[in-house]
Amino acid sequence: RTDPVNGPLALEWNTASKFAALEGMRLGDAINQIRANIDFGADGNAFVTWMPEKTAHLQRIVILPLHSSLCKHLLPLGAADPQLLFTPMLAAIKRPDLCNRFKRELLATGIDPEESKLSVRSFAALTFHSFKHYYVDSLDKALVPRERRKLLAAHSSDEAHAKYEHPWTRKDAEVLRADIEKLPPLAA
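Since the model is a prediction, treat every value here as computed from it, not as a measurement.

K.L.:
Any chance you could break down the overall build of the chain for me, citing the residues and the numbers?
P.N.:
What the chain contains, in helices and strands, is ten helices and three strands. The helix and strand sequence of the chain, counted from the amino end, reads α-α-β-β-β-α-α-α-α-α-α-α-α. The proportion of buried residues among the 188 residues of the chain is 34%. Long-range contacts, defined as pairs at least 24 residues apart, comprise 58% of the intrachain contacts of the chain with a sequence gap of at least 6.

In structure tokens, the structure reads:
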């Protein structure tokens, strides 16, 4: 939105956000994805393969199914140069400035990242890393077993994974009221 012609940078933020929300990637991983990391698969079942920046010292390769929405988004680049970055303009920006630009993008779309502070955290409630929390929390609420969530989030320890698990609130449960009322009543 801050791109004056609503052009390529907006598309790059969209692409990076999809990598984060649908594959659980951190900012550095999302902006540094290259075409060679995507296997679109002859059968339509695509995969993404990468080495997470944060744990690169472990030389651990992560291979995940590519979410169908992200696959559809990336498909036009299927025949591109294997070393092509999906977000070259974002990848060229240094990290602190990149985080500030993401905050400006949130503000430009009407989202105030400072609106709700977490009582135990000193940083803005909404950052690019919020996508990682969204990813794990959504898998949890979809009842994906913890061990599989850990694999999908590329977490090797329970301790690391626990930071992304958020207890359900009464508000979360209220959303399910209409669903539970679909059950037939039991005879007395």
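K.L.:
Just give me the short version of helix α6 (residues 130-141), but keep the residues and values in it.
P.N.:
The end-to-end C-alpha distance of α6 is 16 Å, a good match for the 16 Å that twelve residues give at a rise of 1.5 Å each. Every buried residue of α6 is accounted for by K132, H133, Y135, V136, D137, L139 and D140. At its buried positions, α6 is contacted by α1 (8-23), β3 (62-65), α7 (146-152) and α8 (158-162). A positive phi of about 65 degrees marks L143, the residue just after α6.

K.L.:
For the pattern of salt bridges, give the residues involved together with the corresponding values.
P.N.:
Tallied over the full model, the rule gives seven salt bridges. The partner of E53 in a salt bridge is R95, and the shortest N-O contact between them spans 2.9 Å. Linking E53 in the loop between β2 (47-50) and β3 with R95 in helix α5 (residues 95-108), this pair joins segments that are 42 residues apart in sequence. For the salt bridge of K150 with D158, the shortest nitrogen-to-oxygen distance reads 2.8 Å. Given the relative accessible area of 39%, D158 is considered partly exposed. A cluster of three or more residues bridged by salt bridges with shared partners is formed by R146, E147, K150 and D158.

K.L.:
Could you give me a rundown of α1, with the residues and numbers involved?
P.N.:
For an α-helix, 3.6 residues make a turn, and residues three or four places apart therefore share a direction. For α1, with 16 residues, the first-to-last C-alpha span of 22 Å sits near the 22 Å given by 1.5 Å per residue. Every buried residue of α1 is listed here: L9, E12, W13, T15, A16, S17, F19, A20, A21 and E23. Backbone geometry just downstream of α1 places G24 in the positive-phi region, at approximately 75 degrees.

K.L.:
Hey, could you go over the sheet that holds β2 for me, with residue numbers and the actual values?
P.N.:
Strand order in the open sheet made by the three strands is β1-β2-β3, with antiparallel pairing throughout. This sheet does not close on itself; its edge strands, each paired only once, are β1 (38-39) and β3. Relative to β3, β2 is paired through four bridges, and the arrangement is antiparallel. What sits directly across from F47, in β3, is P65.

K.L.:
I'd like a description of the packing of aromatic side chains, backed by residues and values.
P.N.:
In this structure the tally under the stated criterion is six aromatic pairs. An aromatic cluster of at least three residues, connected via ring pairs, comprises W13, F102, F128 and F131.

K.L.:
Break down the environment of P113 for me, with residues and values.
P.N.:
With respect to the element layout, P113 can be found in the loop between α5 and α6. Classification of P113 as buried rests on a relative accessible area of 1%. On a C-alpha basis, the gap between P113 and A125 in space is 5.9 Å, while along the polypeptide they are twelve residues apart.

Conventions adopted
- Residues numbered from 1 in each chain as written.
- Predicted model: local features only at pLDDT ≥ 70, side-chain atom pairs only at ≥ 80, totals over all residues.
- Heavy atoms only, no water.
- Helix = DSSP H or I, 4+ residues; strand = E, 2+ residues; numbered from the N terminus.
- Buried < 20%, exposed > 50% of the residue type's maximum accessible area, 1.4 Å probe, protein only.
- Contact = heavy atoms within 4.5 Å.
- Expected span 1.5 Å × (residues − 1).
- Salt bridge = Lys/Arg side-chain N within 4 Å of Asp/Glu carboxyl O.
- Pairing = 2+ DSSP bridges.
- Phe/Tyr/Trp six-rings, centres within 6.5 Å; stacked < 30°, edge-to-face > 60°.

Geometric values such as these leave the question of function open.
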